[in-house]
Amino acid sequence: MTLFAPPSQTTLHYRLVTPMFLGGEGQQVDPTQFRNASFKGALRFWWRALNWGAAQKDSAPLQWLHAREGALFGLASDGKDSKQSRVQIQSDLQKVTLKQPGMGLKDIGYLLGQGLYSFSSGVTRQYLDGGDLTITLRFKPGTSAEDIQSVEQAAIALGLFGGLGSRSRRGLGSLALQTLERNDQGEKEFTTLKSIEEFIKELDFSAPKDAPLSALSVASRIDISATDNTGLGVLQKISKEMQLYRSFGRNNKVGSDDARRNFVADHDAARDATQGKALAHLPQRAVFSLPHNYHFSSNQRDKDIGITAEKEGRRASPLLVHIHPLKDGSFIAIQTLLPGIFLPPGMAVETKVSNRPKTIPDTSVDFNVITRYLDGFPQKQTLKVPCNG
């Protein structure tokens, strides 16, 4: 009888540090159950993001990336190309609280957005609050050390820069990695600024800036933008700064603060569009994500304008917000900018006013709009500086 060596194993301990919205609208959330598919989807995202640089060595980088991802994580196919995953995931979620919809989280309502928050009724969906998530990754015998390391790196990146669930790119559902254990190398902590910086130094930022997916490149930037005594407190600081930076305001105010009105041209062009004038180019703020919506109130009637990509409707934000606890008890906001091709070539963008679509001819964006937002945090610390090379 042939004896096979046991599969390599890696265990990661995460904390849920901001409200996590798992499941779709109308779905009940069971805090005793955790869908491994959610974690695996995020793991694959970060694996692609981290390995785009390595893909540049191939003459067809997208095909190389797709093939390597399929070989590692599995590939569904009706034909002979189907592949089983070499990575098996086991999860254990503990100490989590299920919160019901209602008038909570008001101070981060701007980040929650219309899908998760209503100013009249508050949070619109159940969410998970707090808790510890242990993930065990088991690798099939024969998996190379290089492949194991690449998956571990993706799991670490998820726990330092990302999250799970709705609005995870805005800091909701931040999944903060505390420790990683390998069955052959002991434990490693990720609860100090030094450990985060050391991990960033290991990553490949060599890819050109025109990535066709969310990926590390020469143009990537990673900042520590704010700190606070609680995870929700630091997320509130991000929410306030983003709203002040982007919002036109009402009566020269954004809440109780004076409106900065950084994007008057965006506001005026959208207002004109509600009156029938076509937009010549995307609003500057559209670089934060699509769809990009406006609401105008007047004595006559309210008017809305929506700006969406023609086929897919959405373009995820190139800016990712993550809230991370440190060993000293403080919490930091890590913001990661992953510039790339904003929309595929030839994809139209439309405005819709009263359900009448009009195409916007110029869909180019300026990532410096986000750079200026990042620069607005007075005590920021940039851990990864973009390179023009």
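Residues numbered from 1 in each chain as written. Predicted model: local features only at pLDDT ≥ 70, side-chain atom pairs only at ≥ 80, totals over all residues. Heavy atoms only, no water.

Caption draft 1: Representation of the pattern of salt bridges within the structure. Scanning the model with the defined rule gives 16 salt bridges in all. Here the residues in one salt-bridge network are Arg-44, Arg-48 and Glu-69, joined through shared partners. (Salt bridge = Lys/Arg side-chain N within 4 Å of Asp/Glu carboxyl O.)

Caption draft 2: Representation of the sheet that holds strand β1 (residues 9-16) within the structure. Taking strand neighbours across the sheet as the criterion, the five strands line up as β2-β7-β1-β8-β9 in an open arrangement whose pairing is antiparallel. Each end of this open sheet is capped by a strand with a single partner; those strands are β2 (87-94) and β9 (186-189). Ignoring strand direction, the axes of neighbouring strands in this sheet form an average angle of 20 degrees. Pairing of β2 with strand β7 (residues 132-139), which is carried by eight bridges, proceeds in the antiparallel orientation. Its bridge partner being in β7, Val-87 is matched across the sheet by Phe-139. Seen against the sheet, helix α4 (residues 145-161) touches β1, β2, β7 and β8 (175-182) and runs at an angle of roughly 150 degrees to β8. (Pairing = 2+ DSSP bridges. Helix = DSSP H or I, 4+ residues; strand = E, 2+ residues; numbered from the N terminus. Axes fitted to C-alpha atoms, helices over the stretch in contact; angles between N-to-C directions. Contact = heavy atoms within 4.5 Å.)

Caption draft 3: Structural context of the nonpolar core. Core analysis: the largest hydrophobic core is formed by 60 residues, its most contacted members being Phe-39, Trp-46, Leu-137 and Phe-161. Counting residues per element, this core draws most heavily on helix α1 (residues 36-55), which supplies 10 residues. Residues contacting Phe-39, with those up to four places away along its chain left out, are Tyr-14, Phe-34, Ile-89, Ile-135, Leu-137, Leu-158, Leu-164 and Leu-175. By size, the runner-up hydrophobic cluster in this structure holds 33 residues, among which are Val-17, Tyr-117, Phe-263 and Phe-367. (Core = buried A, V, L, I, M, F, W, Y, C linked by side-chain atoms within 4.5 Å. Buried < 20%, exposed > 50% of the residue type's maximum accessible area, 1.4 Å probe, protein only.)

Caption draft 4: View of the packing of helix α6 (residues 231-246) against helix α8 (residues 368-375). As a packed pair, α6 and α8 sit with axes 10 Å apart at the nearest point and diverge in direction by 130 degrees. It follows from the interaxial angle that α6 and α8 lie oblique. Pair α6 / α8 crosses with right-handed handedness. Judged by residue contacts, Ile-238, Glu-241, Met-242 and Tyr-245 of α6 engage Val-369, Arg-372 and Tyr-373 from α8. Class assignment for the residues of the contact of α6 with α8 results in five nonpolar, no polar and two charged. (Parallel < 35°, antiparallel > 145°, perpendicular 65-115°, else oblique. Left-handed = near helix turned anticlockwise from the far one by under 90°. Nonpolar A, V, L, I, M, F, W, Y, C, P; charged D, E, K, R; others polar.)

Caption draft 5: Local environment of helix α2 (residues 61-73). A rise of 1.5 Å per residue sets the reference length of α2, with its 13 residues, at 18 Å; its end C-alpha atoms lie 18 Å apart and thus fit the reference within 8%. Pro-61, Leu-65, Glu-69, Gly-70, Leu-72 and Phe-73 are the residues of α2 that are buried. All buried residues of α2 fall inside an arc of 165 degrees around its axis, so they share one side. At the C-terminal side of α2, Gly-74 shows a positive phi close to 105 degrees. (Expected span 1.5 Å × (residues − 1). Arc of directions from axis to C-beta.)

Caption draft 6: Broad picture of unusual backbone geometry. A cis amide bond links Leu-290 to the next residue, Pro-291, at an omega of 5 degrees. Within the secondary structure layout, Pro-291 lies in the loop between α7 (264-273) and β13 (292-296). One non-glycine residue, Lys-95, lies in positive phi territory at about 60 degrees. For Lys-95, the position within the fold is in the loop between β2 and β3 (97-99). A relative accessible area of 70% places Lys-95 in the exposed class. Backbone geometry places Ser-289, a non-glycine residue, at a positive phi of 160 degrees.

Caption draft 7: Region of the structure containing the side chain of Thr-143. With respect to the helices, strands and loops of the structure, Thr-143 is situated in the loop between β7 and α4. For Thr-143, a relative accessible area of 13% corresponds to the buried category. Here Arg-86 takes part through its side chain, which lies 3.0 Å from a polar atom of the side chain of Thr-143. Excluding residues within four positions of it along the chain, Thr-143 makes contact with Arg-86 and Ile-148. (Polar contact = N/O pair within 3.5 Å; in protein donor to acceptor, adjacent residues only side chain to side chain.)

Caption draft 8: Structural context of the environment of Glu-350. Within the secondary structure, Glu-350 sits in strand β17 (residues 349-353). With a relative accessible area of 14%, Glu-350 lands in the buried category. Spatially, the C-alpha atom of Glu-350 lies 29 Å from that of Ser-120, the residues being 230 residues apart in sequence.

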